[in-house]
Every structure is written in C-alpha cells, then in structure tokens.
Amino acid sequence: MAPLLEITNLHTEIRLRSATVHAVDGVSLHVEAGETLGVVGESGCGKTITALSIMKLLPTGGHITDGAIRLGGIDITALPEEDMRQVRGNEVGMIFQDPLTSLNPTMTVGKQIAEAVVLHREVNREQAMDRAVEVLDLVGMPKARERVNDYPHQFSGGMRQRAMIAMALACEPKLLIADEPTTALDVTIQKQILELIDDLRRRLGMAVILVTHDLGVIAGRADRVAVMYAGKIAESTDTGTLFRNPRHPYTEALFESLPESAAATRERLYSIPGMPPDLTKPPPACRFAPRCRYAADRCRAEEPQLLGDVPGHTYACFYPVGVTERRMGQVKAPKPEAVPMQTNGSAGPVLLSVRNLVKDFPVTKGAVLQRRVGNVSAVADVSFDIHEGETFGLVGESGCGKTTIGRLIVGLDKPTGGSIWYGGKDLARAREREYRRQRKDIQFMFQDSYASLDPRMRAGAVLSEPLVVQRMGNREQRQQKVAEMLDHVGLPRNAVERFPHEFSGGQRQRLGFARSLILDPKLIVADEPVSALDVSIQAQVLNMMKDLQRDLSLTYLFISHDLAVIRYLSNHIGVMYLGKLVEVGPADEVYLTPAHPYTQGLINSAPVPDPEEEQAKVHEGVKGELPSAINPPSGCRFRTRCPLAQDICADVEPLLTPFSLNGHQAACHFPLQDPVTTEGSAVTGVQSS
Amino acid sequence: MTTLPPGVDPGLAHGRTALVEAQPPDFAAGAVGAEKPRSLFARGWEVFAQNKLALAGLATAVFMVLFSFVGPLIYRTDQVHVNLINAICPPGGAHPLGCDSVGYDVLGRLMIAGQTSLEVGAAAAFVAVVFGALYGAISGFIGGPVDSFLMRIVDAGLSIPYIMILIILAVIFAPNRVTMIFVIAAFYWLGVARLIRGETLSLRTREYVQAVKVIGGGGMRAVTRHIVPNAIGTIIVQATFAVADSIIILASLGFLGLGVQAPDTDWGDMLAGGLQYLQGGNYWWLIYPAGLAIIITCIAINFIGDALRDAFETRLQRR
Amino acid sequence: MVGYLIRRVLQALVVIFLVTIFTFALQRLVPGGAVRALIDNPRATSQQIAFYTHLYGFDRPVYVQYAKWIGQLVQGNLGYSAKLNLTVTSELALYLPKTIVLVLLGTAVSLLFGIPLGLYQAVKRYTVGDYVLTGVSFIGYATPTFFVALLLVSWFAIDVPIFPPFAPQSTTVIGVLTQPRALVLPVVAYAFVLYALWSRYMRSSVMDNLVQDYVRTARAKGASERRVLWGHVFRNSLTAIVTLLGLSLPTLVAGAIFIEVVFNYPGMGLAFYNAAQNFDFPTLLGFTVIATIVTILGNLLADVSYAVLDPRVRYA
C-alpha cells in the first residue's frame, strides 16, 4: 500500500540577508497510515524545517527548491497556495513547541479551535463551537464546556498543549506533525501529553510525525525513526533496531553521549568533538566526517548515499558500525554488563548544611497600598546536607523550589526562615558586608549563559571581574588566573578578546563555568547548566565538570529537572515537589529503590532511550496538574496526584523517615519501601507499585 | 514628543522563533578567518555606515552646522540693525534670498537663526536626556515605593499639556537662548525618564546583573558597570531624537512670538509673520527657506537616530 | 479587571493632586504677583493692592490659599479673567466646544488614514509603496504643525483658492459644522503630523505581530493571509495604538493651539494664545488645569480600552 506521506529528495533553503542556509539537503522519508515516525536530531539538523516544509509554512526567506512531497498521491510542493490551505489543518495538522506563544492571547481557546472547523467545514458558528467542546473533551480537558471560553493565559502549560492538540485535530487530519511538543513541559506532564497523542493516533487512525531531540521520547513512542544530521538523513529504521543496532557512527556516538548510557558506571561520556558544519556552505563529502572517529579518506572526498543491506534499515555511511543484518532474524547486540552499583563510600565531612529553609514570595494586590494577600510558598522547610567533594543533585519539576534553594544558598535571595550553615556560620543571618567575603567560597553557574554574561563585556573582563571585586591580585596576576581558567574549561586563550555573542552555546556555558571557578570556590551551585544544550555538547560540559571536580576538589550542588543527568552525576539526590523535599539519599538507592510515590512517578515519566524498557513501563506516570503554590494542599503536598493517598495524607504532613542506613529518607505515609526501624534492621525487599 | 518605537526586522525571525541560527564561526577551532576581534563600537559603526540614509543624514546635519556657524564668517550681513528701506525686497543681487519684513537679509538671517535653533536644540536635548536618564535609572534601580512615587511625579508632569506650560513659562520669563534651553528641557526630561526607567527595570532582572551580586559586588557596581553601559544605546538614540524634537518645539514657540527675541532669532521666529505675508502677496522667500531648513535638519537627524537604533540593536542581539 | 480599574483611578487621583500643586505653584511665579494679574490696573495704588490682597485671601498662609483654590476648582470655579471680564468657566463654555470639534475631526481623520496605511505598509513591507509612505511619515515627523498649516494655506487657499484661508468663524458648533469647506484645511493640517505617528507605530506593531508564533499556528490551520491579518494580527496590533493615543493627548492639545492660531479659529487654542499675548494669567492657568484634567481622564479611558482589548489584563 502506498505510504500516506512520501518525501522524495527534499531540498529546502532559507535565504538570509547575508547568505543562504541549505537547511534540508536531500531528505527522503515516508510515513505509513497509523504509524508514528520519529525524526530526531540536534539543533540545526533540519528536522524542524523538514516538518515546516511539509506544511509549506517556512519562515521568511524559506523556499523548497527541489524534491517532492506526496500526500495521498498528490505532490503538495506543486500545489498553489489556495489548495494548500485546504490541506493545512484539514488533512495535516501541526502542533508546536511553546503553547503559550503559539496561541493567540486575545482570543478564547474555543474560538481558536472553532476557527479550525469553520475554515474547512460547512458549519455555522454554533456547530463549530460544539465541535470545539467535543474535541477539547477528547483531549482530556476537564470541564470542557466551561473552559472553552477561557483565554490561553488562564491555562497551565499542559492544558494549553492539549488545547493546541485539539485545534490541530478538530478536522480529523490523516497526519499530525508534532514539533517538539513536550520540550517546554514538565516531565510528568510530558508523559501525559505523549500518551494522549498516542491514544488519539490509535483512535483516529492517524499517522504522526514526531520531531524531537529527545531519544528517550523516540524510544517510547516512535514506530520508526529517521536520524538527521546537517540537513540530511543519517540513518533510518524501526525503533527497536535503531537502539539495538545503530549502523551510522553518528547514531552510535549520540547514544554514547547520553548520560543514561553511563548512569550505572559513571564513567566519562563520549563527547562528539567539534561542531556541526555551517549549512551556508555545505561540505561536499560526508558531513559527519570531520567529527567521526572512524573517518577515512573516502569519507572526506565522497558523499555517502542512503543505502542499507536490509530493507527498512538505511544509513548513509561507507564504513557503518554495528552488525550486518543480512539474515532475517533479529540481531541482538549484547547489552553491556551490568556493573555493580558503586557503593557511595565514606562521604567527606559536611560542607554546607541547610536546615528548615523557608522562602515565601509575597503576592500583592491593591491599588496604591500593596497589601500582601498571600504567599507563594516556594521553599517550605527543607533540610539536607552537602558533603565535601561530592555532587548533590536536586531534582524536581517547575515550581518545586529547587532553583530558589540554589539562589538562597548563593545569596541572590534572602530566606524567610531557616538556616544555611557554612564554615560554622549561618549564612542566612549574616549581614551583607561579612557575607561578601564568604561569597568567594560559594559560586553560582546560571542556566542561560547568554543572559548571564554582559553582552558588552569581553570574555576576559567577564572572567576577571570577580577578581576585581574581591580585590585579588594585581593586573598581571589576574590575567594569569584568567588564562588558567580558560585552560581548565577548554577554551582557547585568545577567547579573552571575544564578546559573548561570538561563542556557541556550549562555549558560553564553559565561560560561565570558568567565571564561577575563578574565585577558587569550594562549592558551586549549578542551576540547570546543561538543560539548553544539545546532547553532544551536554556531554562535553558534563565531562568537563566531572574532570574539574576531581582536579580542583570541588563540591557541586547540581540543580536540574533532568533525572538522567542527575543520576549520572550525583552522589546524593534530593527530590523536590512544590517546595518540599520529598525524598533524599544516595543516588542509586533513590533511583533504583525509590520510596516516595512522586519519585517513582518521576522515574517512570522520564523517557529512557531504551525501547524495551519504555514498552515495559506499566506505571501510569503522575496524573493531574500541579496545584497552586499559593494555596498548597494541606498535609502532604503531593496527595492530590498520588494514587496511594488516603485521608491521613490531608491531615498530617509526613516527615522524613529513614529507609536505609546510608541516609536514604522520604516523607510519605504510604511509602513504596519499608522504612528501617530504630533498631537499625536492614531494608526488606523491593515493593513494586 | 514623537519617539518611534523600536524598529522591527522581520527578515531574521524576530528573536523567539529563531529556527535558523547562523552558526558563529568556530574561532575556538582556530578556524575560518579568525579575524581580529573588533570593538563593539567598530561593529556598530559598520552597521551605521551601511545605512545610506544615515550617511546622507549625517552629511546634511554637518552641512547645516557649518552653514549656520561658519557661514556668517564668509557671508557677512548686518543682522542687528533694521533697514526698513529694504523691507521685503525680492531675491536677487545683494540679497540672494531677499529681505524680510524689517530689512534683514534672509540668507544671513537663516544662518543666525540656525545657530540658535541648533544650539538650543542640542543643549536642551542634552540637559533633558542627562537629567531624565539619571532620574529614570535611579528610580528604576531603587524600585519599590520610591520608584512609584518618583514615577507619579513624572506621570503628573506628562499629563500637563507641555505646550501650555511652555507658553506660560515663556510669558513669565524673558525668553533668551539660555532660558529657552531650560524651559524646553524642563518638560522633555519627563518622557526620557520614563523610558530609561523602563529600560532599567528590564535590565535589573537580567541575569548578568544578578551575577554581580554572586561575585560579591554591590549595587553601585551593578548600576555603573552593567546597567548604564547597556542602557547607553537607548540613551543615545533618545538624545538624537530629542535634538530634532527640541528644534521643532523651539520653532513652534518662535512662531508664536514667544521664543527668542530680536535681534536674536530662530527658524521658527523667522516664520512668525508668515501668515500675514502670505496674504499680502507671494513672498515665498519669507516662508520656504526657514521652513525647509527646519524640515531638512530634522529629517536628517531622524535618519541618524533610526540608524543608530539599528546599530545598537544588532550589536547586542546577535545570537 | 475591577481591581485594575480601581488601581488606575487611584493613580489618576494622585496625579491630579500633584498637578494641582504644580499649577498652584505656577500661580505664585506670575510676575508682580497674582493680585496684580487679577486687578489688571497698572496704576493701582499700594492701598488698593493691599485691599484686594486681603479680599482674595492672598495674605493667608499658603496651604489655606491652596485649600481655597482646590475648593474653588471642585466647585467649578476656575478663576476670573480681568482682561476679558469673563469667568474662565464661561470662556471655556464659549471656546471649548469648537476646539473639541477640531480635535475630534482631526484625530479621526488621522486615524482613518494612519491605521490602514500603517497596516498596508507592514504587509507590503520593503516595496516601493512602503518606502514612499515611510518618506511621507518622515516628513510628517520633521515638520512643525504650524508650518504644515502655513503651507496648506499658501497652496490651497492663496495660490489656488480652493478653500478659504480662515476656519469657520461662527460662534456656535452648528455654525462651524455648516461651513465644511472652511474646515478642510485646518483638519488636514492638524491630522498630518498625527498621521505620521500612527502609521509608523502601526507598521511596527503589525510587523512585530506578523512574526509571532500564534500567526504561524493560524496559518497551520489553513487560514488565509487575509484572515490572519484581520482576525488575529489587527486586533493585537491595536493595543499599541490605544496606548499611544493615551500618551499623545498633550500632542493633540498642542496641535490645536497652532492650527487655531494660523487659521484664526475661535477655539480654546486661539484664546490661550491671546491670553498669552495679554498676560491674562487666570485664563492661562485655568485652561491649563482643565486641559490637564481632560488629559488624565483620557489616559484613564485609554487604560480601560486596553483592558478591553487585552484579556491578559482583564483576567490577571
């Protein structure tokens, strides 16, 4: 049967003022009815432009210059705009990454969905609105009939994305294109949305193109995958085979850079050297050759075609890796030996201790006199210890308070209550002046390095500013120190002359890290330092952080929402939810034997780049939405979404109780493990939920 | 008065949906024409210079300055004593642009008037912008109730139709160049203050300003080393437009007879009798030279201001 | 929404308070003292001055005078013009309506051209049409209103006498409206500079909106460019204009003064100008206070309209 969508040799260019970017350079794909095709790659690989090309919604300056896109037999590249409009929203629907900006803020959600209906069906306004309610219901929006008259800003992120999906599906298209649909959402909501898309696909008999950079999402949701690199397809096959037996060196390298791959062993990740090629001047030979560890002369001279030795598995490489699949039987690549868990040996002395930390942000209302009408309880009585020389990972979703804690420790905000013990002093009580001296020891690494570097300062000035402020050294000594830092983070010495915008994302993160190192701190609080980076760059930065921790005897407080990264780096993990620390303990214990239902939910929701594991997941993830932080639920804050919740959870707040002798604690009335008794008996078996 | 909102360049997807990022050259790999890094000023100048209108504007502005200040040294006329015999003589011969209602040579008068217009315009703009920027920056940085209060004052000032106050002040105080400078600045600073305060508020929340606290720096450092330099762009652009606006305000007051007094004059003052003379006959030389001088100068300054705005934006917004 | 409005109203009251203080202070700057301005007799003896000083309460402490003045204001007493032998309030009643006619007509015309042409410029950006209109806008910015008026009179009333060089002289609004030909030039002159402002702003605002994500979503639904423009972009671009309108009230007043002077139109602007020539301070100050209050109310109205247009403000 002919595929639903067939792309043949697509070439798309973007003509900018100064140059032309060959964003898509000869891509061929096909999608069968009812299946999910995953298109995966890092930023700049052309996956989004490919998706936009199908809809012919290219940005200004974008043109399809060659190739054909056949939808149900008709070549839509040749279609005049009027007819294309009949295709958009009707036969092909598309959803985008950021639901907040992708919805018109001044139009009700219902009207926007109804618009999709009115454009393609002969109905009146009432009927269109009915359909809008119907389809909102279909996507799982509670109280659809009431909420249909609300505006986008009145919804949460997950609900907004559901509204977008409703809009795209209102006319029951045969194909849904989802461009990074969950990247802007929390992990638990992400799982809900991905499930929803899957469910709808089955119910409506749709095909889905899932464009993403997240290999875990691909592993769990895609039937087939196309891996893109530098505007071309590097490899294409069904999901299982891709993960089991990648043939293209890029795919293989990608897998090896994932923190999940080294989670158990904690060794260095493979990081792909260099950067993707400049697509304004596409190289004539194999595009991955400059960064490929197996590259040979032929690779640098000729361009490999997309071929395969088994139908259904194609790759563009002269010297593919993996195992030839000539035989019909599936080849199982041997799974790496499960390395026994590292015992988190004797931890060093406690470096920093947080006790009963509280931070409330006032919510004010009122015309002239700003009355405090409530508080956002961002951090509610959190206590934990950070040991010298270790990495403490603080993980949680948006609004859990992890970033706030980081800021409190570093002094960017003042705590409302509680203490931060460092060097025998309570930093929360310290006055500004004496605190400035202490500042040297605790430094901060920002998430968005682009925003955290003054665009008007050269890198050298950025790095030496901390030294100037702390009055350390004379000019020469400072320059010496700056050069030293640049060496540490792997930036060339001539970088001192450059401005922040002249660096790439990964390089800027290194610069930010160098700045946090320059005062020889003991503790570095890193707030989502790798979240905005591509996987291969992420690996570089993580390796750098690990190495420097060893070389300079650093201690890290690593804040992230990415469980895989946290698990890879951390010795201890703290899990936060809505301002509370719900579980804490040695990393492997928390990850492999979680005691708190939220931790379990989090682990289950986070997509893992292993199709078998993903398929085997039976846990439903975490239902529902994040409650308001201004009026958090009484008792246990997680109870509104917890499958095990009982009455007592609303009345009595659970306290942290120990689950092992290694400091594993969780706060739950109905934990998933058995707590240790005070006599110190060992943890009994593992309870599965 | 009439300040343009930031220009928009839709060619490069405006920030948010930057689907296509031009890759920065990998200087780290010692690659691709690792040019010597240029200062921000050099790059800004490059963008400015590419804008032909801006260059034309700059040339015109320079010409007007030379015309007004150097001109009288070359082309000497008597601009102090009236000469009623020559009243409204048509252009020709000794008076290329004719004479005005009291016998002054129009071309010469145009130069003298230019001096006043440009001087007062520039000075008023300078005073207004310096004061307004400081006021706004301090208010924005301190924040809280102090900021609210200071801004209420600005709001109050902005609610008063400035032209009325200017007229009243011009009636109370004998108008000369210096008083005109302060009278105009006294109202123009309000708009600048509000703008810079907004800018400061936005900059204050930038992470690189917060980073100053982390390394142990204080508020002073944050303001002087990070906020002000990043606001300078806006300030300079504002100052440029302020000059054009001030020239127009001065001219408008002069037209009403409430500007500088004889024998001093400005372009607007030259047009003061304009209406009567229109009706008496076709005395075009009493209308067009002065009016065109205003228009051409202000258009030139606006071109410069627009181009400066583009130059400042590109150099800071490169991704 | 209600909270937002209450906040705005309270802020407006604070502003009005500050303005009254300012205007009151201005009174005291009047040369020779406010008393002299009131009596308007250069030959007044010091005895007479003392008498009137006491009569009008100028010898009372400052805050008492201020309180008295505020009291008068609230009651609608804006002062008395000795030069014209009229109360300021009756002056207003005489002149204000005609100025309102001019301002409303002029602003309406400027918006009528400015908004659609700005939209057109944004849609057809970087074409010849866009550049030509941009040129027109630039001229509009750089030309003082009075000069536009002069030129129009020169071209269309004197050189080619299509329109009369003076505006309708009638003392009533109806009278004014029955002479439309005489209204053309004043209204056009008034509207020209404003047009430049709106069209430029609209162009920017629309261009800004056209590259937003929600426009891409609308296109992804299959909406035509026309629908995208009118159904989505237009409304979202209007909020910028509304804000600008609110901030432009002082400009509207200024324009009125110059147009009325050039065209000899018997409205508030001309009266204000004459008062300036005559050192008629009560009139000058009284008019200023009224104009200020109108501006503040206008800003409030703009804020309300903004809330109507932008639901994010309505349902914060």
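Because the structure is a prediction, the values reported are computed rather than measured. (Residues numbered from 1 in each chain as written. Chains lettered and ligands numbered in written order. Predicted model: local features only at pLDDT ≥ 70, side-chain atom pairs only at ≥ 80, totals over all residues.)

### Quick look at the overall build of chain C
Here is the rule: Think of it this way: any DSSP run of H or I at least four residues long counts as a helix, any run of E at least two long counts as a strand, and we number them from the N terminus. Exposed residues have 12 or fewer other C-beta atoms within 10 Å of their own C-beta, buried residues have 20 or more, and residues in between are partly exposed; the C-beta atoms are placed from the backbone.
The number of helices and strands found in chain C is 15 helices and two strands. When the backbone C-alpha atoms are referred to their principal axes, chain C occupies close to 85 × 55 × 35 Å. Of all 316 residues assigned to chain C, the portion counted as buried reaches 44%.

### Concerning the overall build of chain A
Filter applied, for reference: The quantity called the radius of gyration is restricted to C-alpha atoms. Its globule counterpart is 2.2 Å times the number of residues to the power 0.38. Each residue gets a C-beta atom placed from its backbone, and two residues are in contact if those atoms lie within 7 Å.
The helix and strand tally for chain A stands at 23 helices and 24 strands. Relative to the globule expectation of 26 Å for 689 residues, the C-alpha radius of gyration of chain A, 26 Å, shows essentially globular dimensions. Considering only C-alpha atoms, chain A reaches an extent of 75 × 65 × 60 Å along its principal axes. Counting across all 689 residues of chain A, residues that qualify as buried make up 53%. A sequence separation of at least 24 residues applies to 66% of the contacts in chain A between residues at least 6 apart.

### Some remarks on the interface of chain C and chain A
Facing 23 residues of chain C, the contacting portion of chain A comprises 27 residues. When residues of the side of chain C that touches chain A are traced back to their parent elements, those giving at least two are α1 (2-29), α10 (213-220), α11 (225-247) and α15 (311-314) of chain C. When residues of the side of chain C that touches chain A are assigned to their parent elements, the largest contribution, six residues, is made by α10(C).

### Thoughts on unusual backbone geometry
All names here are of chain A. The phi dihedral of Asn9 falls on the positive side, at around 50 degrees, and the residue is not glycine. Turning to its location among the elements, Asn9 is positioned in strand β1 (residues 5-15). Judged by the 11 C-beta atoms lying within 10 Å of it, Asn9 is exposed. Look at Asp381: it is not a glycine, yet its phi comes out positive at around 60 degrees. In this fold, Asp381 is placed in strand β14 (residues 371-387).

### Observations concerning helix α5 (residues 144-159) of chain B
Here is the rule we go by: For a helix, the expected span equals 1.5 Å multiplied by the residue count minus one.
An ideal rise of 1.5 Å per residue puts 22 Å on 16 residues; α5(B) measures up with 22 Å between its terminal C-alpha atoms. Buried positions along α5(B) lie against α7 (177-204) of chain B together with α1 and α14 (281-309) of chain C.

### Points about the pairing of strand β3 (residues 36-40) of chain A
Residue and element names in this part refer to chain A. The line we're drawing: Here, any two strands with at least 2 DSSP bridges between them count as paired.
Within β3, five of the five residues are buried, which leaves the element mostly enclosed by the surrounding structure. Because side chains alternate across β3, one face comprises the buried residues Thr36, Gly38 and Val40, and the other comprises Leu37 and Val39, equally buried. Pairing of β3 with strand β8 (residues 207-212), which is carried by five bridges, proceeds in the parallel orientation. From the neighbouring strand, Leu37 faces β8, where its bridge partner is Ile209.

### Comments concerning the sheet that holds strand β22 (residues 580-586) of chain A
Residues and elements named next belong to chain A. Here is the rule: Between N-to-C directions, angles cover 0 to 180 degrees, with each direction set by a line fitted to C-alpha atoms, over the stretch in contact for helices.
Ordered in space as β18-β19-β20-β15-β21-β22-β24-β23, the eight strands form an open sheet in which the pairing is mixed. Two strands in the sheet have a free side with no partner beyond their single neighbour: β18 (442-445) and β23 (657-658). Sheet topology places β22 next to strand β24 (residues 665-666); two bridges connect them, and they run antiparallel. By the bridge assignment for β24, Glu583 is matched with Ala666. Each of β21 (572-577) and β22 is contacted by helix α21 (residues 597-605), which is oriented at about 100 degrees to β21, the strand it contacts most.

### Section: the sheet that holds strand β5 (residues 74-75) of chain A
Residue and element names in this part refer to chain A. Taking strand neighbours across the sheet as the criterion, the four strands line up as β2-β1-β4-β5 in an open arrangement whose pairing is antiparallel. Each of the sheet's edge strands pairs with one partner strand only, and the pair in question is β2 (20-31) and β5. Here strand β4 (residues 62-71) pairs with β5 via two bridges, running antiparallel. Bridged to Leu71 within β5 is Ile74.

### Regarding helix α13 (residues 268-277) of chain C
Side chains three or four residues apart in an α-helix point the same way, a direct result of the helix having 3.6 residues per turn. The buried fraction of α13(C) is high, at seven of 10 residues. Along α13(C), the residues classified as buried are C:Met268, C:Gly269, C:Leu270, C:Ala271, C:Phe272, C:Ala275 and C:Ala276.

### Examining the interface of chain C and chain B
The interface is formed by 51 residues belonging to chain C together with 46 residues belonging to chain B. Every element with two or more residues in the side of chain C that touches chain B is listed here: α1, α6 (128-142), α7 (145-159), α9 (180-210), α12 (249-263), α13 and α14 of chain C.

### Some points on the packing of α6(C) against α9(C)
Residue and element names in this part refer to chain C. To be explicit about the condition: Here roughly perpendicular refers to angles of 65 to 115 degrees, roughly parallel to angles under 35, roughly antiparallel to angles over 145, and oblique to all remaining angles. Two helices crossing with the near one rotated counterclockwise from the far one by less than a right angle form a left-handed crossing, whereas a clockwise rotation gives a right-handed crossing. Under this grouping Gly is polar, as are all residues other than the nonpolar Ala, Val, Leu, Ile, Met, Phe, Trp, Tyr, Cys and Pro and the charged Asp, Glu, Lys and Arg.
Close contact between α6 and α9 brings their axes to 8 Å; oriented N to C, the two are set at 130 degrees. One element, α6, and the other, α9, form an angle in the oblique class. You can see that α6 and α9 cross each other, and the crossing is left-handed. Along its contact with α6, which presents Leu133, Ser137, Gly140 and Tyr141, the element α9 presents Phe192, Val193, Tyr195, Ala196, Ser199 and Arg200. Grouping the amino acids of the contact of α6 with α9 by side-chain chemistry returns six nonpolar, three polar and one charged.

### Quick look at the pairing of strand β11 (residues 307-310) of chain A
Pairing geometry for β11(A) and strand β12 (residues 313-315) of chain A, over two bridges, is antiparallel. Pairing of A:Val310 across the sheet is with A:His313, part of β12(A).

### As for the environment of A:Cys292
Residue and element names in this part refer to chain A. By the secondary structure assignment, Cys292 is in the loop between α10 (249-257) and α11 (297-301). As for Cys292 and Gly274, which are separated by 18 residues in sequence, their C-alpha atoms are 9.7 Å apart. When residues no more than four places from it in sequence are discounted, the contact partners of Cys292 are Pro249 and Cys299.

### Here's the deal with the packing of helix α17 (residues 505-517) of chain A against helix α18 (residues 535-552) of chain A
Residue and element names in this part refer to chain A. At a closest axis distance of 9 Å, the pairing of α17 and α18 adopts a crossing angle of 20 degrees. When the axis of α17 is compared with that of α18, the two are roughly parallel. Considering only the axes of α17 and α18, their crossing is right-handed. Here Gly505, Gly506, Gln509 and Arg510 of α17 lie close against α18, whose contacting residues are Ile537, Gln540, Val541 and Met544. Looking at the contact of α17 with α18 residue by residue, the classes come out as three nonpolar, four polar and one charged.

### Comments concerning the nonpolar core
Going by this rule: Nonpolar core, as used here: buried Ala, Val, Leu, Ile, Met, Phe, Trp, Tyr and Cys residues forming one set through C-beta atoms within 7 Å.
Among the nonpolar cores identified, the biggest contains 382 residues, and A:Ile209 and C:Ala149 are the most heavily contacted of them. Among the elements that line this core, the one with the most residues is α9(C), at 20 residues. In this structure A:Ile209 touches A:Val31, A:Leu37, A:Val39, A:Ala51, A:Leu175, A:Ile177 and A:Ala178, once residues within four positions along its chain are discounted.

### Description of the confidence of the model for chain A
Detailed reading of the predicted model is not advised wherever pLDDT is low. Rules: The predictor's confidence in any single residue is recorded as pLDDT, a number from 0 to 100.
Scored by pLDDT, chain A comes out at a mean of 88, with 93% of its residues at no less than 70. Residue range residues 327-345 of chain A is modelled with pLDDT below 50. Its contacts to residues more than four positions away, or to other chains, number 15 contacts.

### Here's the deal with the confidence of the model for chain C
All names here are of chain C. Mean pLDDT over chain C stands at 84; residues scoring 70 or higher make up 94%. Ranking the elements of chain C by mean pLDDT puts helix α2 (residues 33-39) last, at 64, and α10 first, at 94. Two summary scores accompany this predicted model of the complex, namely pTM at 0.85 and ipTM at 0.84.

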